[in-house]
Every structure is written in C-alpha cells, then in structure tokens.
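As a plain string of letters, each chain reads:
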Amino acid sequence: MSGRIMLLFQLCLVFFTALANAAAQEPLVDERPIYSAGDAIPVTCLNRTSDTGEHVTDASGQLQYVPFPVCNETGRPLEIYFGVEKDINCTIDFISDPMFHLLEFYVHNDAPMTCRIPTRPMPDSSLANRVPKEDASVEGQGSLSDEYIPLIIALTGTLQLSHLHVSSHLNMLLHAAPKSVSPGVIDAATAYSISTRPPARIVIGDALPFTFSIRWYSGQQLPSGWSGVGGHIYASTLIYCILSAGAAAAICTVYFRGVELPRRLRNHGKDRMTGGMEGGRLGGYGYTAGTSSYALGTAGGKRD
Ligand SMILES: *[C@@H]1O[C@H](CO)[C@@H](O)[C@H](O)[C@H]1NC(C)=O
Ligand SMILES: *[C@@H]1O[C@H](CO)[C@@H](O)[C@H](O)[C@H]1NC(C)=O
Ligand SMILES: *[C@@H]1O[C@H](CO)[C@@H](O)[C@H](O)[C@H]1NC(C)=O
C-alpha cells in the first residue's frame, strides 16, 4: 500500500517538475521588447534629394531614413503613441526650399512620402539621443527587415504656378498584432489625406499645419464602418417616423369626422332630394371611359 502511494507521489513530482519547466521556458520564446499603451513611437522618413526626388542611400547602399520634420507644437519630430487615439497637430514651422520641392514631388505623385515606424520599441527609442549621421547605416538596415513597419503617407494636393495646395488633414490607421499572438507589436500602418477638407496654401517659407487623426485597430481586421450614403437609421429616426405616422393618422381622423363626414352626410341628403344629379355625373364618367377604350381598340386594330 505504501509502495503505491510512493509511486503516485513520484509520478506527481515528475509531472509538476515538467509543468514548472514548461512554464519557466515559456517567456524565453520571445524576449524582444514590446510596446505598452502610451509609449512614444518615432516616425522616420526616407531621405530624398530635392532636385530629382530620388531616395538617398548611404555608403553601404542602404536607404537613409531621417526623422520626420520637427513639429512646432512639441519641438520634436512627429511621434505617435501606442494605442492612443487622438488628433495630433504637427505644424512644420518653416517650409524650406528643398522641402517645398519634395512636397511638389509628393502631391504630384513623382515620389511617395515613405516613412516607417519600429515594429517594437527600439533599444534607444529616445530621439534626443539619436545621432543620425553615425547611425545612418544601422538606420537603413531595417528597411528590408521586420524591425520596421512601412508607413506610406499618401499626401494629396495640387500644384499651382506660384504655390502649392496640400491636403494637410490626414487619417492615420495603425494595426497592433492580435493580443493572443504578440501583444505590444505593430502590424501595419498607413496614412492618407482627406481631400474634402480645405487644403493648406503653401509657398516657400510658410508654415505647414499637419493634423493626423490617429486610429488603432487590434488584430488584422478593419471593422466595417460603412453606414450607407444616407447614414444610419437611428432608433430616434424610427421613433420619429412612428410618431409622425400616428400624428398624421390622428389629423386624418379628425378631418374626416369633423369636415368630410358631415359634408358627405349633407350631400347625401341633397342627392336624395334632387335625384337626377347623381345620374348625370355618373353618365359623364361613363362617357370618358368609353372614349379611352375606343382609342385602345383603334390602336390594336392598326397593329393587326
Ligand atoms: C538627406 O540627403 C541630403 C542629400 O544627400 C543630405 O544633404 C541631407 O543631409 C540628408 N538629410 C539628413 C537629415 O541627413
Ligand atoms: C512656432 O513656435 C514658435 C515658438 O514656440 C512661435 O514663435 C511660432 O510662432 C510658432 N510657429 C507657428 C507657425 O505656430
Ligand atoms: C489642432 O489645431 C486646430 C486648429 O489650429 C485646433 O482647433 C485644435 O484644437 C488643435 N488640436 C489639438 C489636439 O491641439
């Protein structure tokens, strides 16, 4: 008996040791850092030459990414915050001559405004500590790897002879990987101009006020947001319809009882007194009907 208990005890021990080992090994699968809600995410963009719009590569042939222009509101290049949905104003204080020409390339679709964000927090995520010059090759290495998620900013606008119209209100959509798969990791990103907003008119030396409406989605699916051209049928609309129908019915009843019914009763009384009237009216009606059926008959005859 005690031998059996001993065996059972040993089996349990083996089982729980295995379980503990498995639990201890679980976090070792992926030790890379992840974002928590509110973490700042720096946006960097492909450097391009302002004369041709061609991308700039470093000595080792890697694409060179440089920080997004500094926003006047924060004094830092554009940053978005993990899982935080809000409107971010980012005014570029002074559109320099090269930047103006790049904007021309972007809105004229000669070159895309190609930016990117780190998939996971960078080891050195503080932009202040960044040294772009020395880091250029390191910066570029991520362009083909899974360290970065591309963020193409589809900037629209129109070129004019002396100036530029830029649709500077943009929507930015970001997907975080599903929590069950890899929480705190960015999966996809895009941004695009809203063309129905009044565009910003820009000449060299002006400020360019960008507004980014940021929305986050967890998982790969976009929720369906279409409510039709006419908008939703809200419960209030439905109640309004029912109440209007009720009111209309009430008005009709009152009208019929108060006006129409007494009149009909009066007419009925008159008709009974002057008998021939009704017959005359009916006769007129019959004549009209007869004419139209005659016309139809002629048409049919022609067809045959
Ligand atoms: C971008 O490229 C241009 C042209 O090669 C260069 O002059 C400029 O310094 C680069 N920008 C940054 C921020 O490194
Ligand atoms: C940018 O900020 C500076 C100082 O904070 C201010 O003087 C300037 O007017 C601002 N520019 C714009 C376009 O808001
Ligand atoms: C952004 O700027 C617009 C207009 O300049 C202003 O009305 C709005 O309040 C600003 N939003 C934020 C979040 O600062």
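Use the structure listed above.
Bear in mind the structure is a predicted one, so any value in this text is a computation, not a measurement.

**A short note on the layout of surface pockets**
Then comes step 1: Quantified by volume, the largest pocket comes out at close to 320 Å³.
Then comes step 2: Forming the boundary of the largest pocket are 18 residues, of which Val66, Pro69, Met99, Leu102 and Tyr106 lie nearest the centre.
Then comes step 3: Sorting the residues of the lining of the largest pocket by element identifies β2 (44–46), β3 (65–67), α2 (97–107) and β13 (208–218) as the ones contributing at least two each.
Then comes step 4: A per-element tally of the lining of the largest pocket places α2 first, with five residues.
Then comes step 5: Considering only enclosed or pocket space, the second largest pocket measures out at about 190 Å³ in volume.
Then comes step 6: What lines the second largest pocket is simply Arg32, Pro33, Thr119, Arg120, Pro121, Met122, Pro123, Asp146, Glu147 and Val185.

**Section: the state of the cysteines**
Then comes step 1: Counting across every chain of the model gives two disulfides.
Then comes step 2: Across the disulfide from Cys71 sits Cys90; the S-S distance is 2.1 Å. Disulfide Cys71 to Cys90: torsion about the S-S bond roughly -85°, handedness left-handed. Here Cys71, found in the loop between β3 and β4 (79–81), pairs with Cys90, found in strand β5 (residues 87–92); they are 19 residues apart in sequence, far enough to count as distant.

**As for the sheet that holds strand β12 (residues 200–202)**
Then comes step 1: Read from one edge to the other, the open sheet built from three strands follows the order β8-β9-β12, with strand pairing classed as antiparallel. What marks the edges here is a single partner per strand, and that holds for β8 (157–159) and β12. On average, each strand axis in the sheet is tilted by 20° relative to the strand beside it, whichever way the strands run.
Then comes step 2: Here strand β9 (residues 164–166) pairs with β12 via three bridges, running antiparallel. Residue pairing for β12: Val166 is matched across the bridge by Ala200.
Then comes step 3: Taken strand by strand, α2 contacts β8, β9 and β12, and its axis lies near 65° from that of β9.

**Some thoughts on the pairing of strand β11 (residues 186–193)**
Look at any regular strand and the pattern is simple: side chains alternate between the two faces of the sheet.
Then comes step 1: Both strand β7 (residues 148–154) and β11 contribute to a ladder of three bridges, which runs parallel. Bridge pairing in β11 links Ile152 to Thr190.
Then comes step 2: Relative to β11, strand β10 (residues 169–176) runs antiparallel, the two sharing seven bridges. Of the residues in β11, the one forming a bridge with Asn171 is Tyr192.

**Side note on the sheet that holds β5**
Each strand in a sheet pairs with another by means of backbone hydrogen bonds, the pair being arranged parallel or else antiparallel.
Then comes step 1: Pairing within the open sheet is mixed, and its eight strands lie in the order β3-β2-β6-β7-β11-β10-β13-β5. On the outer flanks of this sheet lie β3 and β5, each paired with one strand and no other. Looking at each pair of strands side by side, their axes are set apart by 25° on average, direction ignored.

**Notes on the nonpolar core**
Across soluble globular proteins, nonpolar side chains have a tendency to be buried as a group.
Then comes step 1: Counting 43 residues, the largest nonpolar core has Phe68 and Ile117 as its most contacted members.
Then comes step 2: For this core, the element with the most residues is α2, which contributes six residues.

**Description of the environment of Pro69**
Then comes step 1: With respect to the element layout, Pro69 can be found in the loop between β3 and β4.
Then comes step 2: A residue is classified by how much of its surface remains accessible, and Pro69, at 24% relative accessible area, is partly exposed.
Then comes step 3: Each C-alpha atom, one on Pro69 and one on Val43, is 9.4 Å from the other, the two residues being 26 residues apart in sequence.
Then comes step 4: If near-sequence neighbours (up to four positions away) are discounted, Pro69 is found in contact with Arg76, Pro77, Leu78, Cys90, Ile92 and Met99.

**Some words on the environment of Tyr192**
Then comes step 1: Mapped onto the elements of the fold, Tyr192 is located in strand β11.
Then comes step 2: Residues Tyr192 and Leu155 lie 37 residues apart in sequence; the distance between their C-alpha atoms is 6.0 Å.
Then comes step 3: In this structure, Tyr192 is in contact with Ala154, His169, Leu170, Asn171 and Leu173, ignoring residues within four places of it in sequence.

Parameters and conventions
- Residues numbered from 1 in each chain as written.
- Chains lettered and ligands numbered in written order.
- Predicted model: local features only at pLDDT ≥ 70, side-chain atom pairs only at ≥ 80, totals over all residues.
- Heavy atoms only, no water.
- 1 Å grid on protein atoms, 1.4 Å probe; cavity = no way out; pocket = protein on both sides within 12 Å on 5 of 7 lines; lining within 4 Å.
- Points joined across faces, edges and corners; volume = space filled by probe spheres on them.
- Helix = DSSP H or I, 4+ residues; strand = E, 2+ residues; numbered from the N terminus.
- Disulfide = S-S within 2.5 Å.
- Pairing = 2+ DSSP bridges.
- Axes fitted to C-alpha atoms, helices over the stretch in contact; angles between N-to-C directions.
- Contact = heavy atoms within 4.5 Å.
- Core = buried A, V, L, I, M, F, W, Y, C linked by side-chain atoms within 4.5 Å.
- Buried < 20%, exposed > 50% of the residue type's maximum accessible area, 1.4 Å probe, protein only.

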